[in-house]
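These are the residues of each chain, in order.
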Amino acid sequence: MTPALQVRHLSTTFGHHGTPVTAVDDISFDVMPGEVLGLVGESGSGKSVTLRSIMRLMPHHSAVTGSVLWQGCDLMTMTEAELRRVRGGEISMIFQEPGTALNPVLPVRVQIEENLRAHTELSAAGRAARCLELMDLVGIPDAKRRLTQYPHQFSGGMRQRVMIAIALASNPKLLLADEPTTALDVTIQDQILKLILDLRDELAMSVVFVTHDLGVVAATCDRMAVMYAGRIVESGPVPAVFAQPNHAYTRGLLGSVPRSGTERSPLLSIEGTPPGLTSRPAGCAFHPRCAFATDLCRRESPALQDRAAGQAAACFHSDRVIAAGLAGS
Amino acid sequence: MSLFFLRRLIQLIPTLAFILVVVFVLVRLLPGDPTSAILGDRALDADVARINHDLGLDRSIPVQFVLFLKAVATGNLGNSITLKLPVTTLIAQRLPVTVMLTVMAALMSLVMAVPLAFVAALRRDELADSAIRGTFQVGLSMPVFYLGLILLTVFGARLGWFPVGGYGDSFGEHIYHLFLPAFTLALSLAAILMRNLRAAIIGVVGAEYVVFARSKGIMPGVILMRHVLRSALISTVSLFGLSVGTLLGGAVITETVFAIPGAGRLMIDSIYGRDYPVVQGMTMALAVVVSLTFFLTDVVEAWLDPRVAR
Ligand code: SF4
């Protein structure tokens, strides 16, 4: 099976007072058709920047290099017009804060319709019908009246449903979800996650799920890629990674999650804080916080290498990490 | 929305009542009194008493206020002392000129400010931005009457493109005559609006909902007009509304420089001539115009930002 999306050597730098800082550092990954990939990491690890870089939504003062192959075409070198066809039509995105990502001064209907207008040939009547259908699809009751309302008249969870309705308007093949449940109550979180999974099945979409929440990954994703300081440090099928992390950072993350797998808890068990954009340590960026670190780790940066069970990890001492297991962490 | 409209309309009533009180008090606080303005300094006591009685000035202040309200309610604002015409006639003659001048200036300033603010904001810190901001800074720092004189000398007297004074007879001629004065007035307002709108656009362009709109693959023009301009205009519209009062004040000076028979000049002449009924009537009329402007501004703002209209 060929991947739907192939990201190769993607790097994103910001012009930060003269010296550019690297937010995303040479990452590569694939997304298969119908697959849910979790992009996991603490805030500042570059996961959200990765999503926005893929869609070329970064602000002007940043530079993105590498390639993003979508159905054989490179999004990075496309013209603006070609890109517009892909954005919202074939690849859609939902954001973390529906409160700020929806335009406060436009009724919901307008915000759904403009997607339909851009990507479908539907008539005005057709678009109106599709708007109602989408509201039903994402589970917003009283659709007809709700369509005329403004975002501030919706609750947080309902707003996120609106955003999903907008994203799905033109039947995209890939959904990029940037922490879509972080801003919501726990019960609402579960509803939204379930909604996204149901829609994935119904519409045969692929999903890239950016999250800092391993519980969300365990509950929703097929494969995961763990990011630290702008790089992917480990990737693989979710059950395999959860059973046998190959990277010391992943091991630390998993140590903070109750073994039942679906309960949420923040990633706090690792000593210290992730490095800032301007103060990335030399060698393996994780070494100041790593119990397995050696001189080699402080000197050189480990490359992402394939391991058993479809996993890959960027760690010099995977064997010791594996030997230590998850106990006692 | 219509409920908001209604509520705002009702709120106009206390505003107008307040205007009435202020005007009544203000005129009685002016130095000198109307009777001596009419009769001169050497009037006989009997004449003074007669005029005072005619004007109702021999009554107590509360009674005078009731009489004043009655007069306003019946649309009778008295007669001009110097021009011997009903004040209502004078207002009907002069106010439209000033309103037209102000409206033209307001429109011109919008026509200048909106596109230039866009260019400046989207080309931030580039040459175009600096050039636009620099030019407007000069416009803003020049006094209105000075700017008016320069334009008048160059485009009126020297080049002969525009008339150097007067108001014309037809609507087309009015526009032609008012072009230079309106432009003079518009420049300083355009500078303020441009600065405000530029900052607002810069703020909105980076907003999450604009990024989300871009992720939908809609046309850049739609993003700019529907998502950026509309939100950015909200703060500019309220500034615009507040500026109209200033604009009317500027119109007084402009009308003097360009010899336009508007309300501003009449007002100045009347103040110098102690023509109290005219001052009173005109103040009231201008205050009504300003509060109507505020009302319209609120309505536009509510239309732009539905969160206001709750
Ligand atoms: S490479 Fe070294 S420092 Fe980095 S995670 Fe592995 S053991 Fe730790």
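Residues numbered from 1 in each chain as written. Chains lettered and ligands numbered in written order. Predicted model: local features only at pLDDT ≥ 70, side-chain atom pairs only at ≥ 80, totals over all residues. Heavy atoms only, no water.

Quick look at the overall build of chain A
Stage number 1. Looking only at helices and strands, chain A has 13 helices and twelve strands in total.
Stage number 2. For chain A, the C-alpha radius of gyration of 20 Å lies close to 20 Å, the compact-globule estimate for 329 residues.
Stage number 3. Over its C-alpha atoms, taken along the principal directions, chain A stretches across nearly 65 × 45 × 40 Å.
Stage number 4. For chain A, the residues scored as buried account for 54% of the 329 residues in total.
Stage number 5. For chain A, restricting intrachain contacts to residue pairs at least 6 apart in sequence, the fraction spanning at least 24 positions comes to 64%.
Stage number 6. Counting every atom, chain A has about 13,400 Å² of accessible surface; 54% of that belongs to carbon and sulfur.
Stage number 7. Across chain A, the 30 positively charged side chains and the 32 negatively charged ones have centroids separated by 3 Å. (Helix = DSSP H or I, 4+ residues; strand = E, 2+ residues; numbered from the N terminus. Rg over C-alpha atoms; globule rule 2.2 N^0.38 Å. Buried < 20%, exposed > 50% of the residue type's maximum accessible area, 1.4 Å probe, protein only. Contact = heavy atoms within 4.5 Å. Areas by Shrake-Rupley, 256 points an atom, 1.4 Å probe, with all protein chains shown as cover. Lys, Arg positive; Asp, Glu negative; His and termini not counted. Charge placed at Lys NZ, Arg CZ, Asp CG, Glu CD.)

Some thoughts on the packing of helix 5 (residues 87–122) of chain B against helix 8 (residues 171–205) of chain B
Residue and element names in this part refer to chain B.
Stage number 1. Contact pair helix 5 / helix 8: the axes reach a minimum separation of 4 Å and the direction vectors enclose 35°. Judged by the sense of rotation from one axis to the other, the crossing of helix 5 with helix 8 is right-handed.
Stage number 2. Residue classes in the contact of helix 5 with helix 8 are distributed as 34 nonpolar, two polar and one charged. (Axes fitted to C-alpha atoms, helices over the stretch in contact; angles between N-to-C directions. Left-handed = near helix turned anticlockwise from the far one by under 90°. Nonpolar A, V, L, I, M, F, W, Y, C, P; charged D, E, K, R; others polar.)

Description of the site of the ligand
All names here are of chain A.
Stage number 1. For the ligand, the set of nearby residues contains 13 residues, the closest of which are C284, C290, C297, C315 and F316.
Stage number 2. When atom positions are compared with the pocket grids, the ligand is found to occupy the largest cavity.
Stage number 3. Along the lines of polarity and charge, the residues of the shell around the ligand split into ten nonpolar, three polar and no charged. (Near = heavy atom within 4 Å. 1 Å grid on protein atoms, 1.4 Å probe; cavity = no way out; pocket = protein on both sides within 12 Å on 5 of 7 lines; lining within 4 Å. Sits in = over half its atoms within 2 Å of the grid points.)

Let's talk about the interface of chain A and chain B
Stage number 1. If you look at the interface, chain A gives 28 residues, while chain B gives 22 residues.
Stage number 2. Interface area, chain A with chain B, both sides summed: about 2,200 Å², of which 60% is carbon and sulfur.
Stage number 3. Broken down residue by residue, the surface that chain A buries against chain B is led by R84(A), V105(A) and E114(A), which jointly contribute 27%.
Stage number 4. Inspection of the region where chain A meets chain B yields nine residue pairs in polar contact (both at pLDDT 80 or more).
Stage number 5. Among the elements of the structure, strand 6 (91–94), helix 3 (98–101), helix 4 (108–119) and helix 7 (156–168) of chain A are those that each provide at least two residues to the side of chain A that touches chain B.
Stage number 6. By residue number, the principal contributor to the side of chain A that touches chain B is helix 4 of chain A, which donates six residues.
Stage number 7. In terms of residue class, the side of chain A that touches chain B is built from 16 nonpolar, seven polar and five charged. (Buried area = accessible area lost by both parts, 1.4 Å probe. Polar contact = N/O pair within 3.5 Å; in protein donor to acceptor, adjacent residues only side chain to side chain.)

Points about the sheet that holds strand 6 of chain A
Residues and elements named next belong to chain A.
Stage number 1. Ordered by their spatial adjacency, eight strands build an open sheet running 6-7-8-3-9-10-12-11, and the pairing between neighbours is mixed. Only two strands of the sheet have a single partner each, and these edge strands are strand 6 and strand 11 (305–306).
Stage number 2. Of the strand pairs in this sheet, strand 7 (residues 174–178) and strand 8 (residues 206–211) are connected by five bridges, and their pairing is parallel. Each residue of the ladder has a partner; that of A177, found in strand 8, is F209.
Stage number 3. Strands in contact with helix 11 (residues 248–255) are strand 9 (223–228) and strand 10 (231–237); relative to strand 9, the strand with the most contacts, it is inclined by about 110°. (Pairing = 2+ DSSP bridges.)

Things to note about a nonpolar patch on the surface
Residue and element names in this part refer to chain B.
Stage number 1. On the surface, a cluster of nonpolar side chains totalling about 730 Å² of accessible area is made up of F145, Y146, L149, I150, V154, L159, W161 and I253.
Stage number 2. Per element, the largest residue contribution to the nonpolar patch is five residues, and it comes from helix 7 (residues 144–158).
Stage number 3. Tracing the backbone through its elements, the reader meets L159 in the loop between helix 7 and helix 8.
Stage number 4. Taking relative accessible area as the criterion, L159 reaches 41% and is therefore assigned partly exposed. (Patch = residues over 30% accessible without salt bridge, like charges linked within 9 Å, V, L, I, M, F, W, Y side chains within 5 Å. Salt bridge = Lys/Arg side-chain N within 4 Å of Asp/Glu carboxyl O.)

Brief notes about the pattern of salt bridges
Stage number 1. Per the stated rule, a full pass over the model turns up 20 salt bridges over all chains.
Stage number 2. Residue D222(A) is joined to R200(A) by a salt bridge in which the shortest nitrogen-to-oxygen separation is 3.4 Å. One end of the pair, D222(A), is in the loop between helix 9 (214–220) and strand 9; the other, R200(A), is in helix 8 (residues 186–203), and 22 residues separate them in sequence.
Stage number 3. R200(A) gets classed as buried once you look at its relative accessible area, which sits at 15%.
Stage number 4. Among the salt bridges present, the one from R198(B) reaches D129(B), with a minimum N-O distance of 2.9 Å. One end of the pair, R198(B), is in helix 8; the other, D129(B), is in helix 6 (residues 127–141), with 69 residues separating them in the sequence. The two residues R198(B) and D129(B) agree in class, both being buried.

Focus on the confidence of the model for chain B
Residues and elements named next belong to chain B.
Stage number 1. Per-residue confidence for chain B gives a mean pLDDT of 82, with 95% of residues at or over 70.
Stage number 2. At the low end of the mean pLDDT range in chain B sits helix 2 (residues 34–39), at 69; at the high end sits helix 9 (residues 208–215), at 92.
Stage number 3. The complex prediction reports pTM at 0.80, with the ipTM value standing at 0.88. (pLDDT = per-residue confidence, 0-100.)

A short note on unusual backbone geometry
It is generally the case that most residues other than glycine have a negative phi and that most peptide bonds are trans.
All names here are of chain A.
Stage number 1. For H9, which is not a glycine, the phi torsion comes out positive at approximately 50°.
Stage number 2. Along the chain, H9 turns up in strand 1 (residues 5–16).
Stage number 3. Accessibility expressed as a relative area gives 49% for H9, which makes it partly exposed.
Stage number 4. Despite not being glycine, Q71 has its phi angle at roughly 50°, a positive value.
Stage number 5. Note on placement: Q71 falls in the loop between strand 4 (62–70) and strand 5 (73–74).
Stage number 6. Looking at Q71, the relative accessible area reads 53%, which means it is exposed.

Side note on empty space enclosed by the protein
Stage number 1. Here the structure, examined in full by the defined rule, presents two cavities of 30 Å³ or more.
Stage number 2. Put simply, the largest cavity is a space of about 80 Å³.
Stage number 3. Forming the boundary of the largest cavity are 14 residues, of which H247(A), C284(A), C290(A), C297(A) and C315(A) lie nearest the centre.
Stage number 4. Estimates place the volume of the second largest cavity at around 30 Å³.
Stage number 5. If you trace the second largest cavity, you find it lined by T98(B), L248(B), V252(B), G264(B), M267(B) and L286(B).
Stage number 6. Of all the secondary structure elements, the ones that give two or more residues to the lining of the second largest cavity are helix 10 (220–257) and helix 11 (263–272) of chain B. (Points joined across faces, edges and corners; volume = space filled by probe spheres on them.)

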